[in-house]
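Spelled out, the chains give:
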Number of protein chains: 2
Amino acid sequence: MKAIILAGGSGSRLWPLSREMYPKQLLSIDGEMSLLQSTFLRLNKLIPAKDILSITNVKHYSDVKLQLNKLNAENVVLAEPLGKNTAPAIACSLEYFNQNSTEDDVVIIVPSDHLVKDSDAFIATVNDGLKLAKKGYIVTFGIKPTYPETGYGYIKTAQALECGFKVERFVEKPDINTAKKYLEDGNYFWNGGIFMAKISVLMNEFAKLAPEIYANLSSLELNNCSKIEYSVYENMPSISIDYAIMEKSDKIALVKLKSDWNDLGSWQSLYDVKEKDADGNVITGKVVTNNVKNSFIYSQKELVAVSGLEDIILVETEDAIMACKRDESQDVKKLFEKLKESDTTKLHKTVFRPWGYYTCMNSGEGYLTKTICVMPKQKLSIQSHNYRSEHWVVLEGKALVVLEDKEYIVEAGDSIDIPVKAKHSLQNPYDNELKIIEVQKGSYISEDDIIRYNDIYGRV
Amino acid sequence: MKAIILAGGSGSRLWPLSREMYPKQLLSIDGEMSLLQSTFLRLNKLIPAKDILSITNVKHYSDVKLQLNKLNAENVVLAEPLGKNTAPAIACSLEYFNQNSTEDDVVIIVPSDHLVKDSDAFIATVNDGLKLAKKGYIVTFGIKPTYPETGYGYIKTAQALECGFKVERFVEKPDINTAKKYLEDGNYFWNGGIFMAKISVLMNEFAKLAPEIYANLSSLELNNCSKIEYSVYENMPSISIDYAIMEKSDKIALVKLKSDWNDLGSWQSLYDVKEKDADGNVITGKVVTNNVKNSFIYSQKELVAVSGLEDIILVETEDAIMACKRDESQDVKKLFEKLKESDTTKLHKTVFRPWGYYTCMNSGEGYLTKTICVMPKQKLSIQSHNYRSEHWVVLEGKALVVLEDKEYIVEAGDSIDIPVKAKHSLQNPYDNELKIIEVQKGSYISEDDIIRYNDIYGRV
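Residues numbered from 1 in each chain as written. Chains lettered and ligands numbered in written order. Predicted model: local features only at pLDDT ≥ 70, side-chain atom pairs only at ≥ 80, totals over all residues. Heavy atoms only, no water.

1. A closer look at the relation of the copies chain A and chain B
Between chain A and chain B, which share one sequence, the superposing operator has a rotation angle of 180 degrees and an axial displacement of 0.1 Å; the RMSD is 0.2 Å. Such a combination of turn and shift is consistent with a two-fold rotation axis. Minimal C-alpha separation from the rotation axis in chain A is found for Met361(A), amounting to 3.5 Å. Take the interface residues of chain A: 100% of them recur as interface residues in chain B, which is what a same-surface contact looks like. (Least-squares fit on C-alpha atoms with pLDDT ≥ 70 in both. Contact = heavy atoms within 4.5 Å.)

2. Notes on the sheet that holds strand E21 (residues 388-396) of chain B
Residues and elements named next belong to chain B. Across the sheet, which stays open at both edges, the six strands sit in the order E16-E17-E18-E26-E21-E24 with antiparallel pairing between neighbours. Edge positions in the sheet fall to strand E16 (350-353) and strand E24 (415-418), since each has one partner strand and no second. Neighbour-to-neighbour, the strand axes of this sheet turn through a mean angle of 20 degrees, independent of strand direction. In this structure, strand E17 (residues 356-364) lies alongside strand E18 (residues 367-374), joined through eight bridges in antiparallel fashion. When the sheet's bridge partners are listed, Gly 356 is paired in E18 with Val 374. (Pairing = 2+ DSSP bridges. Helix = DSSP H or I, 4+ residues; strand = E, 2+ residues; numbered from the N terminus. Axes fitted to C-alpha atoms, helices over the stretch in contact; angles between N-to-C directions.)

3. Side note on the interface of chain A and chain B
Contact with chain A, which involves 49 residues of that partner, is made by 49 residues of chain B. Approximately 4000 Å² of surface area, both sides summed, lies buried where chain A meets chain B, with 65% of it carried by carbon and sulfur atoms. Interface area lost by chain A to chain B is led by Leu303(A), Ile321(A) and Lys441(A), which between them contribute 15%. Taken together, the links from chain A to chain B amount to 16 residue pairs in polar contact (both at pLDDT 80 or more). Take the side of chain A that touches chain B: its biggest share by element is six residues, from strand E15 (residues 320-325) of chain A. Looking at the side of chain A that touches chain B residue by residue, the class counts come to 24 nonpolar, 12 polar and 13 charged. (Buried area = accessible area lost by both parts, 1.4 Å probe. Polar contact = N/O pair within 3.5 Å; in protein donor to acceptor, adjacent residues only side chain to side chain. Nonpolar A, V, L, I, M, F, W, Y, C, P; charged D, E, K, R; others polar.)

4. Thoughts on the packing of aromatic side chains
Evaluated as defined, the whole model comprises 26 aromatic pairs over all chains. Seen from their ring centres, Tyr182(A) and Tyr188(A) are 3.9 Å apart, and the 15 degrees between their planes marks the pair as stacked. Across the pair, exposure class does not vary: Tyr182(A) and Tyr188(A) are buried alike. Ring plane angle 80 degrees and centroid distance 5.7 Å describe the contact between Tyr387(B) and Tyr444(B), whose orientation is recorded as edge-to-face. Taken together, the positions of Tyr387(B) in the loop between strand E20 (383-384) and E21 and Tyr444(B) in the loop between strand E26 (434-442) and strand E27 (451-452) put the pair 57 residues apart, joining distant regions of the chain. On the basis of relative accessibility, which here comes to 37%, the residue Tyr444(B) falls in the partly exposed class. Ring-pair connections join several aromatic residues into one group, and the members of that group are Tyr147(A), Tyr152(A), Trp190(A) and Trp261(A). Directly above the aromatic system of Phe189(B) lies the positively charged group of Lys144(B), at a separation of 4.9 Å from the ring centroid. One cation-aromatic arrangement involves Lys276(B) over Tyr271(B); the distance from NZ or CZ to the ring centre is 4.6 Å. (Phe/Tyr/Trp six-rings, centres within 6.5 Å; stacked < 30°, edge-to-face > 60°. Buried < 20%, exposed > 50% of the residue type's maximum accessible area, 1.4 Å probe, protein only. Lys NZ or Arg CZ within 6 Å of the ring centre and 35° of its normal.)

5. Notes on the pairing of strand E14 (residues 312-316) of chain B
All names here are of chain B. Of all five residues in E14, five are buried; the element is thus mostly enclosed. Side-chain alternation along E14 places Ile 312, Leu 314 and Glu 316 on one buried face and Ile 313 and Val 315 on a second face that is also buried. In this sheet, E14 lies alongside strand E12 (residues 296-299) in parallel orientation, the contact comprising four bridges. Note that in E14 the partner of Phe 296 across the bridge is Ile 313. Hairpin connection between E14 and strand E15 (residues 320-325): a loop of three residues separates the two successive antiparallel strands.

6. A short note on the packing of helix H1 (residues 35-44) of chain B against helix H2 (residues 61-69) of chain B
All names here are of chain B. With their axes 10 Å apart at the nearest point, H1 and H2 run at an angle of 50 degrees to one another. In terms of their interaxial angle, H1 and H2 are classed as oblique. Considering only the axes of H1 and H2, their crossing is right-handed. Of the residues in H2, those touching H1 at Leu 36, Gln 37 and Phe 40 are Val 64, Gln 67 and Leu 68. Grouping the amino acids of the contact of H1 with H2 by side-chain chemistry returns four nonpolar, two polar and no charged. (Parallel < 35°, antiparallel > 145°, perpendicular 65-115°, else oblique. Left-handed = near helix turned anticlockwise from the far one by under 90°.)

7. Considerations on the side chain of Ser240(A)
Residues and elements named next belong to chain A. With respect to the helices and strands, the residue Ser 240 is situated in the loop between helix H8 (230-233) and helix H9 (241-246). From its side chain, Ser 240 meets the backbone nitrogen of Tyr 243 in a polar contact 3.1 Å long. Once residues within four sequence positions are removed from consideration, Ser 240 is found in contact with Asn 85, Thr 86 and Ala 87.

8. A closer look at the pattern of salt bridges
Any two side chains of opposite charge can pair, so long as their charged atoms come close to each other. Across all of its chains, the model carries 28 salt bridges over all chains by this definition. One salt bridge in this structure joins Lys50(A) and Asp51(A), with 3.2 Å as the shortest N-O distance. Overall, the relative accessible area of 47% leaves Lys50(A) in the partly exposed class. The exposure class assigned to Asp51(A) is buried, which follows from its relative accessible area of 11%. Glu390(B) is paired through a salt bridge with Arg388(B); the nearest N and O atoms lie 2.9 Å apart. When its relative accessible area of 2% is taken as the criterion, Glu390(B) is described as buried. Among the charged side chains, a salt-bridge network with shared partners connects Lys2(A), Glu103(A) and Asp105(A). (Salt bridge = Lys/Arg side-chain N within 4 Å of Asp/Glu carboxyl O.)

9. Quick look at unusual backbone geometry
The residue after Trp15(A), namely Pro16(A), is reached through a cis peptide bond having omega 10 degrees. Positioned with a positive phi, Lys377(A) is a non-glycine residue whose angle comes to about 65 degrees. In this structure, Lys377(A) sits in the loop between strand E18 (367-374) and strand E19 (378-379). Phi is positive for Lys421(B), which is not a glycine, with a value near 70 degrees.

10. Brief notes about the sheet that holds strand E17 (residues 356-364) of chain A
Residues and elements named next belong to chain A. Taking strand neighbours across the sheet as the criterion, the six strands line up as E16-E17-E18-E26-E21-E24 in an open arrangement whose pairing is antiparallel. At either margin of the open sheet sits one strand with a lone partner, and together these are strand E16 (350-353) and strand E24 (415-418). Taken pair by pair, the neighbouring strands of this sheet meet at an average axis angle of 20 degrees, ignoring direction. Each of E16 and E17 is contacted by helix H2 (residues 61-69), which is oriented at about 70 degrees to E16, the strand it contacts most.

11. Concerning the state of the cysteines
In protein chemistry, a disulfide is the covalent bond that joins the sulfur atoms of two cysteines. All told, the structure shown has zero disulfides over all chains when counted by the stated rule. Cysteine Cys324(A) remains unbridged, with the sulfur of Cys324(B) as its closest cysteine sulfur at 18 Å. (Disulfide = S-S within 2.5 Å.)

12. Quick look at the side chain of Ser259(B)
All names here are of chain B. Residue placement: Ser 259 occurs in the loop between strand E9 (252-256) and helix H10 (267-273). On the basis of relative accessibility, which here comes to 10%, the residue Ser 259 falls in the buried class. Setting aside residues up to four positions removed in sequence, Ser 259 forms contacts with Val 116, Asp 118, Ala 121, Phe 122 and Thr 125.

13. Some points on the environment of Leu434(B)
All names here are of chain B. Here Leu 434 is to be found in strand E26. Judged by its relative accessible area of 0%, Leu 434 falls in the buried class. The spatial distance from the C-alpha of Leu 434 to the C-alpha of Glu 396 is 5.5 Å, given a sequence separation of 38 residues. The residues touching Leu 434, leaving out its near neighbours within four places in the chain, are Ile 372, Cys 373, Val 374, Val 394, Glu 396, Gly 397, Lys 398, Ala 399, Leu 426, Gln 427 and Asn 428.

14. Some thoughts on the environment of Lys441(B)
Topologically, Lys441(B) is positioned in strand E26. A relative accessible area of 12% means that Lys441(B) is categorised as buried. Through-space distance from the C-alpha of Lys441(B) to that of Asn216(B) is 48 Å; in sequence the pair is 225 residues apart. A distance of 3.4 Å separates the side chain of Lys441(B) from the backbone oxygen of Leu395(A), its partner in a polar contact.

15. Quick notes on the environment of Leu314(A)
The residue Leu314(A) is located in strand E14 (residues 312-316) in this model. For Leu314(A), a relative accessible area of 2% translates into the label buried. Leave out the neighbours within four places in its chain, and Leu314(A) touches Phe296(A), Ile297(A), Tyr298(A), Val304(A), Val306(A), Ile321(A), Met322(A), Ala323(A), Leu314(B) and Ala323(B).

Structural data, given as structure tokens:
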């Protein structure tokens, strides 16, 4: 079996925790692992890492790769050069398997940002799906509705099969009255966005139902760590797998998902899955409360003190604070839209790179300070800056600094100055993490004031 | 005329904006000036700076002096070595005037943290008070109640005088029914904590009614910039001027305050004096709202986004976030009590010193970064540290650095390293402000790792 993890989401609904540059799937919601990592580990119980392909937007490629490499470096990540919804992403992922294997295997396609706690029940569902997929069905996982949700699509089932149902049709997000009817009817399931089928079956459906995607696939050359070619990808229509294939195909079956499931589509749904204290509160981080009930208070960094409020969500992150009514937490999307011009929706202050990460601490006119962490055996490109000098103080570990063709070893407690225009590279050939503070000083401070002399590794 | 500004408050009710180390009177609430500065300027219309004495706790001495020196360097600041409530502070201030002047002038005593917008009406009240004070009365300013407030003391007036009333008695904070009766009665006023009297009249009352304070005064030597002697001050009882003198004296008169007045005793009262937008919101700083009503949203630094909430107060400062119901904003005091052990109630990240100020930006294991601003013609003491090195990068201006008996001039963009145990001093003998970034690095990072070789000027 093979797997495709759809890791391209841009996460506006859990803002300010999720960002355009650091979406939900990359966050740890429940414990140490991110949702992406948990998804990978769930599949990895059945499927070897080399057969689990994650596909994401190029801007999240580094983050996705860094997180998955921590679990198993054999995993495969494909980068979309631009967002085109799910159908082109899935088609390219299938093409990757076709180009790199001769087997006509069954593939499971899953979102990367849903929460499933009971992995065993999930795997039992996969095994049910496998039986139907091997018979030529495109199997979708249906979630039995527990209330009349209007935010999900529904799937109407017809006659029973061996371990599932034939699907009669997919239906759009309903209004509340329709949702209530669906709930009573009993033949409707929520569409969880999880699919299984033989690669050949899906490819044939693409050829038949989405030829404008299919026609472009043969121009691609896909190895196990690559960016999909822009000139090919931009020709594909932006369309979801539901519209392109699922709603049109007559091969669709449904198996009922045996595990728990939460799409974490809002702060409310996150509140739902968290354990509450005696006052019905979910509290994370440095929080003090006085007479607070049924609320979700999340502090990432600074002290949050709340008094006399009920049914609210209050989230503090390193550069934004969001407060809303708990049962209107979908309105966060509206706030997010209002804020879209502002950088705060895009960037977290901590930015992950293949060589490690950096956090912007403070900036003012003519200066910027960062903490930089370089992982063992990693280095940054050789570079220079036309408008700023840099001053590095080593906090932890040992730095190998290349400065104008000389090498310096800078130990914890020592510092080094990088003058304007000097060629330099920060390197950590050692076994421990390297942490430094960087003070940038200059008339023009911007990430684009950089000349790179090699670019094999990432950029600061 | 002379004036005493009581600037010793510790400000828990506007937390997190006010702190034990940076109380309300030092904050700018309405425009550029702090409440202390506005109080000074209001009095300075009638009274020369050298006759305006501010008395504060020693821990706020630097801040108070820095703020007032910006307005007029001739002002006088006395520092209490420990908090003893208002009666000892006032007695020592009166003693200062006795020791430094032969005149038996009228003195006005005012809190430093109240908001008065109409200075002219305030001065008209002072002129009324002056007439009665010259006749030997201790004149208190009464505020005509507009609603049955239970948080203030009341003053009951008796027969009318030339431009005020005789006072029958002072009464404690009433319960709501009593407060309603006072409001209907018409002879009750709120006690605004503003007093006027001849220095000799007050001194005689201290001698008669508070001899245990009065007896200590003659041991003090008070010049125009001094800390009151600890060994003397600690012998005085901790008692308010109301209890010690006002409630017992038979010389009390009242003039009705002609100006507006707000004691800013809670976030609600701050909301009351601020201008609202069409939705009844008071919004300060980087704030985005969606469907928010009758709320006070204050952002000092980071983006604050609020959706779907009504009647709340949400305050963001550089190291704490506070949210509460608007009409229960007095509960902030409860939060503050809960937090008292934590440093967040005490320290702002920005600390003012006689030579300038510094802001802690970021800290982690073994390091701390600050931005430091040294005012023109100011310098820090010569010092050394046993456990940390320091690295200074000059951002603006020019630094004169004394390092082990050598002098270095460090210009913007340049840096200098201060090794562990090296004697050093940061100085700014120039005409422009000096701004630097300091990275402290060491096994033990604390303000108490410091050896000072002179201590005329402040400390980092």
